[in-house]
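Residue-level listing of the chains:
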Amino acid sequence: MELMPALLFLQSMLAATWRMATPIIYAAVGEVFTERSGVLNIGLEGIMLIGAFAGYSVAYETGSLVLGLLAALLSGLLSGLIFAIFTVSVKANQIVVGAAFNMIGMGLSAFLYRTIYSQSGKVLSLQPFRPLDLPVLSNIPFFGEVLFRHNIVVYGTLLLTLIASFVLYRTAFGLSLRSVGEHPKAADTTGINVPATRYVGVLIGTVLAALGGASLTLAYSDQFVEGIVTGRGFIALAVVVFGSWSPWGAFGASLLFGSFYALQLRLQAMPEVVIPYQFLQALPYLATLLVLISLTRRARAPRALGVPYP
Amino acid sequence: MDWVGFRARLGKQLRSVWTPLIAIPISLLIGAVILLLSGYDPIAAYQAMWQGAFKDRVAVTEVLVKATPLIFIGAGLAVAFRCSIWNIGAEGQFYVGAVLATVVGIYLGNLPGVILMPLVLVVGMAGGALWGMLAAYLKNRFGASEVVTTIMLNYIAVYITGYLVTGPMIETKGLFAQTPKISESAWLPRFLPPTRLHIGFILAIVFCIVLYILVFKTSVGFAIRAVGFNPDAARYASINVRSNILLAMAISGGAAGLGGAVEVAGISYRLYQLISPGYGFDGIAVSLLVGNNPLGVIFSGILFGALRSGAEVMQLSAKVPSVLVFAIQGLVILSVVATGAYRAVVREKEE
Amino acid sequence: MEDYLVRMENICKSFPGGVQANRNITLEVRPGEIHCLLGENGAGKTVLMSILYGLYKPDSGTIYFKGKKLDIHSTKDAIENRIGMVHQHFMLVPTLTVAENVVLGQYQPWKVLNDMDKVHQRIRTMSDEFGLDVDPSKVVQDLSVGEQQRVEILKALYHGADLLILDEPTAVLTPQESEHLLKFLRDLANRGLTIIFITHKLEEVMQVSDRVTVLRDGRVVGTVNTRDTNPRELARMMVGREVLMELKKAKTEPGKVIFSVRNLRVKDARGLEVVRGVSFEVREREVLGIAGVSGNGQTELALALAGLIESDFDEMRLDGQLITKRDLQRLNRLGMAHIPEDRQKMGLILPFSVAENFVLKTYRDEPFARRGFLQFDTIREYTRSQVSKFSIRVGDIEEEIAHLSGGNQQKVVVARELDRQPRFLLVNQPTRGIDIGATEFVRQQILVERDAGAAILLISADLEEIFALSDRILVMFEGRFMGEVPPDPALVEQVGLMMAGKTVQTSG
């Protein structure tokens, strides 16, 4: 294979990798906090869908992308509050509640979209976040395209992971959060409010998941499509495990999955490739399976994960 | 016969009926609020839904037709959930069953009906069972969470179906994305023409009874429940936890696969891309609503069948997107959870 | 008000389910004294101190501290008032370091942890000052049980304590470590600290306390000066009877070897060897007791013998038959019974009914199942007969067994295991956490089984129990047997030394 086309392929694939990983990074880093506090939220998919819709509709109606993000954030807060009430206060089975949230999210987002938009006949796309054309850096050959021509939401993932890592490992709150997920009784006896800490853990997760969903409608594409999240919420769960419940681990693992999405898209666009497009579409999900298999017993999950307290 | 014990147990069963009876109105109420806030008339919407489901014999049979796959899936999930295996993959298992049933129904179509019909169903069941056992195997061997693996297998199953239906198995190249019809000798008889009600519905009820007996009246069911409650104690009692996990997923996947085969052999007679509009997820609500009881699933299956059936009519006449039903199902689950918790608190205060 | 440091007045506390843990308790502790809270399991001692430490709120009653009425709403209040507590089950987060555990919960959430080296320094200083030998940078799960307890103590002292409460601290220590701890507490008291010490061991009370309050069934029986009383009187106050219990132990002649194993090796979850090549035999009509502080491999030994974890051995025989590693999983079916250490986690399935728990191991066989179908009438009849035979307090046998008391739950386990007339019985901590009536019952049953011809392996951290029931005693320390002694009470000290790792010449 010739060098130039190969490099171009690699360049466009790597550039797409970070972009495609972005929603997963938001959701996964958020879920790291949730799981580290001892709560398992499998309802990320539904929460991301609500966030995607909320972000889209507010941005579309007001013309302001920032207001859209804010709306998504608020939807994440609301979702998280309800989720936390059920899982932390009512102490219901977390898997069941998560499954319910997925259904509600899928149903509600599609319902609202169809009600408000699909019959309107208007142009439904909005002006998404533009790539920041960083002055000198974006002109560097190869790396310029891969690293320095993204929009602010994508760059936000880097800032997010930095902050998340700092908060989790270098603040008293992070220490409390981690202890609540490992040994809630011990944390309780030192005066830490275990339920409150778990509420915060859940809320961080749902807010970030909602923002991740909004990143799909406001940055990655320019409108809402039913089911736009297509399983990324579930992949985020595997990413948390693969990343050993650490923010940077989640960042890296998300990039890995982003590369699968990117690869799949590039291959679909290439007429020489005769693999049926459905198999390419299945690539990220197959990859998730393989990743989960290869993990065996690596890092340990937070000891109190999924177990209500007291 | 131990009458005292029997009455106590009957009382316990009847009391557990309260939960769904309270949960359903609550979720419908919240649904009404959503409708109201979205600019619809909830009364008109629900009226349309009721009409759609029950207005005449055809409508009622349509409810039962829609309930059939839900009952199969729900019964299987009841078994898996009782083993504490969170099978979110019933959708994929349904698809696999449908695919294999279609393959057999088309390519072995020359076999006499008395062999072909059961074969189609058995193969569908086996396919779903294997698809489910795959996730169980990954859990046993690698500790992979079945929640994530079954969901991934869902997507893979759907994509495989999509490929087959638009590619090698397509009826007429370049036209609709569907397979040719399966051989007529495999079609499940419809016993109430001109309605679409077919013996698959009867089969579903029988299946539920069988699973109920299995779970509560046999040693096998005892082991499955023991593993679901306390795998450590089960191991201590020389119960093989891994085998039971495989068995629970085989039953659960098989049930969903059988549901898929029945759907193909009884209703659609062919395979197309959206052979299941989310039955696998409905099934979760179906089972949870009745506390994971294979017999109760018959009733909740019919209820959710009514919801789906009515929702289609609601969309046509009241112009309410039927997709709201999906959200209502999620609300049902939350209402069940909330009601259950509330009643537990009340019971504790009594003691 | 007189010269007391803390006065708990008319404290009442009950829990849902009707358990009245504290009934109108009044307790006064003087500054600088070591005050023991004595009582058996379930007397209400831990609950009372948990109230003082802010873990529970009393239903009624008042607390006076340093002369003022004090409302303690949370452990933060307690800590702020310089009350510290060392719990029976350590409240340490295993994946965090010692230093992180010490500062846990002490800072405002937004505080950045950039001065941990100062914390490390202060911990080291305190460790040296009090002779605690604690390394702030070590991760808690890598520490031994004794070290973890010292961390708990240092944690309390670090936050400043004028009152230190300890809940059964010697339960997890060897006799030598306990000695060391008691001396340490005496030191602390001499420095002006006030100490409340919860225990059920009479010797400790006599050895270290100034005054002792005895609790029974949630009520105060009395408070006495230690030097004015004696163990017998305290025992009487504790149980209301002169002597704790009389066990009928017949003299038997052990018969042939029923169970033997050579060179048993077991690794723990992290791959470290915790059972390091032990060999022993148990004969019929004999109780072989394995003494030792919890955590020296006993749990793994029991689990390995029951086939629940992986192990390696040169040879194992049950009733003459050679046992392979695969057979271990079916030892159940080969005539071995097992009363496990943790009845709630392993021995029973709490959401199952009493009847279902009775057939937990036999549900597959005749007469409880025929051709795969459960025979409910037979199961119910069997359960009812067992319940009356063993006097188990049950309301409805179809009821969830979770509703039974700990003692009755253990009776179910014991009844179930013994009814199989096992050749070989493995018993692990049979009387942990149950009331005195059930304790006596269980111990008597073990002896009955022994007389009937079973070979019994008894593992217990309760030395009194070991001495009362065993015909031979092996002492386990760090995965090995340190020696064997006969159950002669005069040898308790020797056993204690072996439990701490000192090999002693075994007598005859």
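Note that the structure is a prediction, hence the values are computed from the model and not measured.

Trainee: Looking at this structure, I do not really get the overall build of chain A. What am I missing?
Mentor: Regarding its fold elements, chain A presents 13 helices and 0 strands. The helix and strand sequence of chain A, counted from the amino end, reads α-α-α-α-α-α-α-α-α-α-α-α-α. Relative to the compact-globule value of 19 Å for 310 residues, chain A shows a C-alpha radius of gyration of 20 Å, a close match. Over its C-alpha atoms, taken along the principal directions, chain A stretches across nearly 65 × 45 × 40 Å.

Trainee: Help me understand the pairing of strand 7 (residues 163-167) of chain C in this model?
Mentor: Walk down a regular strand and you will see the side chains alternate between the two sheet faces. All names here are of chain C. Among the 5 residues that make up strand 7, 5 are buried, leaving the element largely enclosed by the rest of the structure. Burial of the side chains of strand 7 extends over both faces: L163, I165 and D167 are buried on one face and L164 and L166 on the other. With 4 bridges connecting them, strand 6 (residues 83-86) and strand 7 associate as parallel partners. Bridging from a neighbouring strand, G84 pairs with L164 of strand 7.

Trainee: How do you make sense of the sheet that holds strand 5 (residues 68-69) of chain C when you look at a structure like this?
Mentor: Residues and elements named next belong to chain C. The 4 strands lie next to each other as 2-1-4-5, forming an open sheet whose pairing is antiparallel. What marks the edges here is a single partner per strand, and that holds for strand 2 (19-29) and strand 5. Taken together, the 2 bridges between strand 4 (residues 60-65) and strand 5 define a ladder with antiparallel strand orientation. Within strand 5, the position partnered with Y64 by the bridge is K69. Sheet strands touched by helix 1 (residues 45-52): strand 1 (6-15), strand 2 and strand 4. Its angle to strand 1, the strand with the most contacts, is close to 115°.

Trainee: Is there a simple way to explain the sheet that holds strand 19 (residues 424-428) of chain C in this structure?
Mentor: Strands pair in a sheet through their backbones, by hydrogen bonds, and they do so in one of two ways: parallel or antiparallel. Residue and element names in this part refer to chain C. Here we have 6 strands laid out as an open sheet, ordered 16-19-20-13-21-22, and mixed in their pairing. On the outer flanks of this sheet lie strand 16 (336-339) and strand 22 (480-485), each paired with one strand and no other. Shown here is a sheet whose adjacent strand axes are inclined to one another by a mean of 20°, direction ignored. With 4 bridges joining them, strand 13 (residues 286-291) and strand 21 (residues 472-477) adopt parallel strand pairing. When the bridges of strand 21 are listed, G289 appears paired with I473. Across the sheet, helix 9 (residues 298-305) is in contact with strand 13, strand 19, strand 20 (455-460) and strand 21; its angle to strand 19 comes to roughly 150°.

Trainee: I would appreciate a short explanation of unusual backbone geometry in the present structure.
Mentor: Keep in mind that most residues, glycine aside, have a negative phi and that most peptide bonds are trans. Each neighbour pair has its own omega, and for P193 of chain B with P194 of chain B the value is 5°, a cis peptide bond. As for its placement among the helices and strands, P194 of chain B is situated in the loop between helix 6 (146-166) and helix 7 (199-217). The residue after E366 of chain C, namely P367 of chain C, is reached through a cis peptide bond having omega -5°. Structurally, P367 of chain C can be placed in the loop between helix 11 (354-358) and strand 17 (369-370). At W245 of chain A, a position not held by glycine, the phi torsion is positive, near 55°. One non-glycine residue, K319 of chain B, lies in the positive phi region at around 60°. Mapped onto the fold, K319 of chain B is located in the loop between helix 12 (296-317) and helix 13 (324-350).

Trainee: Could you clarify how one ought to interpret the interface of chain B and chain A in this entry?
Mentor: Accessible area lost when the parts come together is the quantity often used to give the size of an interface. Between chain B and chain A, the residue contacts involve 35 residues of the former and 37 residues of the latter. Of all the elements in the fold, those that place two or more residues in the side of chain B that touches chain A are helix 5 (113-142), helix 6, helix 11 (279-289) and helix 13 of chain B. Element by element, the count of residues in the side of chain B that touches chain A is highest for helix 13 of chain B, at 12 residues. Counted by class, the side of chain B that touches chain A contains 28 nonpolar, 7 polar and no charged residues.

Trainee: When you look at the nonpolar core in this model, what are you seeing that I'm missing?
Mentor: Inside soluble globular proteins, nonpolar side chains tend to come together where they are buried. Membership of the largest hydrophobic core comes to 391 residues, with the highest contact counts inside it found for V239 of chain A, A265 of chain B together with I456 and L458 of chain C. In terms of residues, this core owes the most to one element, helix 9 (residues 194-220) of chain A, which gives 15 residues. Setting aside residues up to four positions removed in sequence, I456 of chain C forms contacts with V282, V287, L288, L425, V427, I446, E449 and R450 of chain C.

Trainee: Teacher, can you tell me more about the environment of G38 of chain A here?
Mentor: All names here are of chain A. As for its position among the elements, G38 is in the loop between helix 1 (3-36) and helix 2 (44-62). According to the C-beta neighbour criterion, G38 is buried, with 32 such atoms within 10 Å. Along the primary structure G38 and P184 are separated by 146 residues, whereas in three dimensions their C-alpha atoms are 8.5 Å apart. Not counting the four nearest positions on each side in its chain, G38 is found in contact with V180, G181, P184, R198, P302, A304, L305 and V307.

What counts, and at which threshold
- Numbering of residues starts from 1 in every chain and runs along the sequence as written.
- Written order decides the labels, with chains lettered from A and ligands numbered from 1.
- Only residues with pLDDT of at least 70 get local features here, since the model is predicted, and only at 80 or more are side-chain atom pairs given and counted; chain-wide, interface and lining totals rely on the full set of residues.
- By the criteria applied, helices consist of DSSP H or I runs no shorter than four residues and strands consist of E runs no shorter than two, each listed in order from the N terminus.
- Radius of gyration here is computed from C-alpha atoms only, and the compact-globule reference equals 2.2 Å multiplied by the residue count raised to the power 0.38.
- Neighbour counting defines burial: a residue surrounded by 20 or more other C-beta atoms within 10 Å of its own C-beta is buried, one with 12 or fewer is exposed, and intermediate counts give partly exposed, using backbone-placed C-beta atoms.
- The pairing criterion for strands is at least two bridges between them, as found by DSSP.
- Note that contacts rest on C-beta atoms placed from the backbone: two residues are in contact if these are within 7 Å.
- Working convention: axes come from line fits to C-alpha atoms, limited for helices to the stretch in contact. Angles between N-to-C directions cover 0 to 180 degrees.
- For this classification, Asp, Glu, Lys and Arg are treated as charged, while Ala, Val, Leu, Ile, Met, Phe, Trp, Tyr, Cys and Pro are nonpolar and the rest, including Gly, are polar.
- For our purposes the nonpolar core covers buried Ala, Val, Leu, Ile, Met, Phe, Trp, Tyr and Cys residues that link as a set through C-beta atoms within 7 Å.

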